[in-house]
Amino acid sequence: MAAEGPEAPGSGGAGGALGDGGDGGSGAPGEAEAPAAELPPPAPAPPEEEPSDAATAPPPTPQSCNGAASAPPEPEEPPPAAPEEPPPPRDPEPPPEEPPLAYPLDFERFWQAAHSNPHDFTAWTELLQYVEQENHLFAARKAFDAFFAHYPYCYGYWKKYADMERRFDCARETEEVFERGLQSIPLSMDLWIHYISYLQSTLDMSVPESIQKIRGVFEAAVAAAGMDFRSDKLWELYVEWEREQGNLRGITGIYDRVLSMPTQLYNHHWEKFKDHVLHNPPKDILSPEELLWVQSKLATDPVPKPPEPEGTEAPPGEDPPPGVEGKGAAGDAQEDLDQEKIRELVISMRQQIYAQNEAEVSKRWNFEDGIKRPYFHVKPLERAQLRNWRDYLDYEMAAGSHERTIVLFERCVIACALYEEFWIKYTKYLENHTVTGARSVFQRACGYHLPRKPNIHLLWAAFEEKQGNLPEARRILRCFEAAVPGLAMVRLRRVSLERRQGNLAEAEALLEEAMRASQGLPLASFYALKLARQACKVQQDLGKARQVLVDALEKDPDNARLHANLLEMEFGADVCQNEGNTLRCFERALRSPLPDEAKLVFSQRRVEFLEDFGSSIHSLLTAYDEHQKILKQHAARKRAPENGSEEPDDKRLRPDDASALLTPLNFSGGEMGSNPSYSYWYQHGYGAYSNYQSQWNQYNQYYS
């Protein structure tokens, strides 16, 4: 505790410490601070006489300004009503400024290591280990609150946080930490049990309110986590606590609930229930309604009385023979027999429930046996475990109840929190049942566990757009793009959202902004293609689309995709009216620094265009002659390697350029090309040109 001395003066009010530590404490003075013995006494308040005199004094007079002694004032000077007026209110003096908190010596180093790279789990664990060793409450609050903003499923650290608050006698803050942890991970049996143990050790059990509070926490625990396959410890703890309270009927009610839950120790609960029934009077363990029903059930089928032995009845006035009981004892025996029949009926009524539950357990046993890591960790899961989760979820969605399916999904996203596919599967399931629930899952997944995964953010934005919540959809995409800039799939989703809403100007502005931000990169040509296609197909403005591509070609003249798309747009117009623009497109491609193989394709296509749609035979013959020259040059370069000469590297068609006119180009480098999600959302074919690469011998018969 002595180590806290230097920091204590800076914590005079808990609000300053909690401002650095997030919402870890409530900010109430005294409760969120270190022990009072370590805090310095507050500064003495100014004497009350001075402000009181100043507040109640009448308007100043010359003799009172300097405080000098003077003759008594004349009676007419003070106004008659002055003594009766209330003193004017004074503004409260601002509290003295508190010095900044002094954290341990190496805290800043550990903090910066974790804060600068929040996805480095090891840096966070080192920070938390350090603040625990230093036993510094305010540093611990700041560290734990920041850690849980990224990893809320680490139940063990919630326990450590609560234990530290408890060591400093911060009762209210300790309970708040437990509540925050259970809101983040309500399926944590260990955290529920730790919280209940804390309440049992701190509450006065002689007060009825304490018993009601603990019972309420038990009910909340079994409602949140009681359907978990491994929740047996929680149910047993509830039973034992009710037994300590002498609530036998409550124990029966608990067993009635757990006997229908497929849990790992289902048979153990059944045996315990039978012991509970056999060793306690039925009137103490059954509700009055059930006891009356059981008695009426037995009355309709009375139990035959055992025959009395002959000759055992004594004459009037004489005692029965030794060893023969009287009628009173026989009545007691009959009562015991009735109780045994009641017990048997109570057990038999639940036997069918137990059998059905046993069948449900057997269906899930293999799935549960395949779960080797039910808790959260940043290390990847084995493929077998991932496959087991997929199969288990599919089974539960097909055969289980909605409640059990939800519990299984919640268990899955704890163990598989960093796997996007399970969150997406969860949201798709919930979308068919509850919009609010699906939105909550999206918020958890994107806000905590997958802040840099694009697919689930795109699905979340699409979900909100589907619900008509357009401002939220725009916010999701805008915030994700700010966090992870440069993703074309996100920018194009923003463009398509505005286009679907008829905001073509905004869609165009987004594409132009992306082009400016990508100047000098192949991605700029990609956005130019998108802008040109929107202008041509959506706005029906061919001139604008042509200008966009021409401007892009001036900056990226050797981009075969730009040439091919410009040519395709010119083909899409009236070929008779647009012949000149089409021919200029061909000429621009043939004059560009494109590889020779690409120029050969454009030359072939120009000849075919003029053959099919050209208005001048001279243009056709000229194009054919030029094409023959290109063919000869190409053939000569092919023969050159055989003679020992090599084609310059800058003129040779690279392997990735060979398919430039056949398949869409990759404008984003390796990442986008290897990203299957991009191919899924934004892969567009721009036409195949292999039919123009045939040999031209067939034309020789016309022009030879």
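Look a little higher up for the structure.
Residues numbered from 1 in each chain as written. Predicted model: local features only at pLDDT ≥ 70, side-chain atom pairs only at ≥ 80, totals over all residues. Heavy atoms only, no water.

**Concerning the overall build of the chain**
Inference 1: When helices and strands are counted, the chain shows 34 helices and 0 strands.
Inference 2: When burial is assessed residue by residue, the chain has 40% of its 704 residues classed as buried.
Inference 3: Considering only contacts in the chain between residues 6 or more positions apart, those separated by 24 or more positions represent 63%.
Inference 4: As presented, the chain carries roughly 38500 Å² of accessible surface, and 53% of it is formed by carbon and sulfur atoms. (Helix = DSSP H or I, 4+ residues; strand = E, 2+ residues; numbered from the N terminus. Buried < 20%, exposed > 50% of the residue type's maximum accessible area, 1.4 Å probe, protein only. Contact = heavy atoms within 4.5 Å. Areas by Shrake-Rupley, 256 points an atom, 1.4 Å probe, with all protein chains shown as cover.)

**Some remarks on the packing of aromatic side chains**
Inference 1: This structure, assessed with the given rule, holds 36 aromatic pairs.
Inference 2: With centroids separated by 6.1 Å and ring planes inclined at 25 degrees, the aromatic side chains of Phe 144 and Phe 148 adopt a geometry described as stacked. In this pair, Phe 144 and Phe 148 both sit in helix α6 (residues 137–148), 4 residues apart, roughly one turn of the helix.
Inference 3: For Phe 144, a relative accessible area of 0% translates into the label buried.
Inference 4: If you follow Arg 109 out to its NZ or CZ, it ends over the ring of Phe 110, 4.4 Å from the centre. (Phe/Tyr/Trp six-rings, centres within 6.5 Å; stacked < 30°, edge-to-face > 60°. Lys NZ or Arg CZ within 6 Å of the ring centre and 35° of its normal.)

**Points about the nonpolar core**
Soluble globular proteins tend to pack their nonpolar side chains together in the buried interior.
Inference 1: Ranked by internal contacts, the top residues of the largest apolar core, which has 122 residues, are Phe 107, Leu 127, Val 131, Phe 147 and Cys 416.
Inference 2: Here the element with the most residues in this core is α6; it accounts for 9 residues.
Inference 3: If we ignore the near neighbours within four places in the chain, the residues touching Phe 107 are Leu 127, Tyr 130, Val 131, Ala 139, Lys 142 and Ala 143.
Inference 4: In terms of nonpolar packing, the next biggest core, distinct from the first, is built from 44 residues, Met 515, Leu 523, Ala 532 and Leu 620 among them. (Core = buried A, V, L, I, M, F, W, Y, C linked by side-chain atoms within 4.5 Å.)

**Considering the pattern of salt bridges**
Inference 1: Scanning the entire structure with this criterion turns up 36 salt bridges.
Inference 2: Glu 464 is the salt-bridge partner of Arg 439, the closest N and O atoms lying 2.9 Å from each other. Remark: Glu 464 occurs in helix α21 (residues 454–466) and Arg 439 occurs in helix α20 (residues 435–449); sequence separation between them is 25 residues.
Inference 3: For Arg 439, a relative accessible area of 23% puts it in the partly exposed group.
Inference 4: Put simply, Arg 500 and Glu 465 hold a salt bridge, and the shortest N to O gap is 2.8 Å. Pair noted here: Arg 500 is in helix α23 (residues 488–500) and Glu 465 is in helix α21, with a separation of 35 residues, a long-range link.
Inference 5: On the basis of relative accessibility, which here comes to 17%, the residue Glu 465 falls in the buried class. (Salt bridge = Lys/Arg side-chain N within 4 Å of Asp/Glu carboxyl O.)

**Some remarks on helix α19 (residues 420–431)**
Inference 1: An ideal rise of 1.5 Å per residue puts 16 Å on 12 residues; α19 measures up with 17 Å between its terminal C-alpha atoms.
Inference 2: Considered for burial, the residues of α19 that qualify are Glu 420, Phe 422, Trp 423, Ile 424, Tyr 426, Thr 427, Tyr 429 and Leu 430.
Inference 3: Residues of α19 that are buried in the fold lie against α17 (383–399), α18 (402–415), α20 and α21. (Expected span 1.5 Å × (residues − 1).)

**Notes on unusual backbone geometry**
Phi is mostly negative for residues that are not glycine, and the peptide bonds are mostly trans.
Inference 1: Of note in this structure, Asn 135 is not a glycine but carries a positive phi near 55 degrees.
Inference 2: The topology assignment puts Asn 135 in the loop between α5 (121–134) and α6.
Inference 3: Notably, Gln 540 is not glycine yet its phi reads approximately 55 degrees, a positive angle.
Inference 4: Along the polypeptide, Gln 540 turns up in the loop between α25 (522–538) and α26 (542–555).
Inference 5: In this structure Gln 540 comes out as exposed when scored by relative accessible area, which is 63%.

**Some points on the packing of α20 against α21**
Inference 1: It is the contact of α20 with α21, at a shortest axis distance of 10 Å, that shows an interaxial angle of 150 degrees. When the axis of α20 is compared with that of α21, the two are roughly antiparallel. The handedness of the crossing between α20 and α21 comes out as left-handed. Residues Val 435, Ala 438, Arg 439, Phe 442, Gln 443, Ala 445 and Cys 446 of α20 touch α21, and the partners they reach there are Ile 456, His 457, Leu 459, Trp 460, Phe 463 and Glu 464.
Inference 2: Taken together, the residues of the contact of α20 with α21 break down into 9 nonpolar, 2 polar and 2 charged. (Axes fitted to C-alpha atoms, helices over the stretch in contact; angles between N-to-C directions. Parallel < 35°, antiparallel > 145°, perpendicular 65-115°, else oblique. Left-handed = near helix turned anticlockwise from the far one by under 90°. Nonpolar A, V, L, I, M, F, W, Y, C, P; charged D, E, K, R; others polar.)

Honestly, it's all geometry; don't read function into it.
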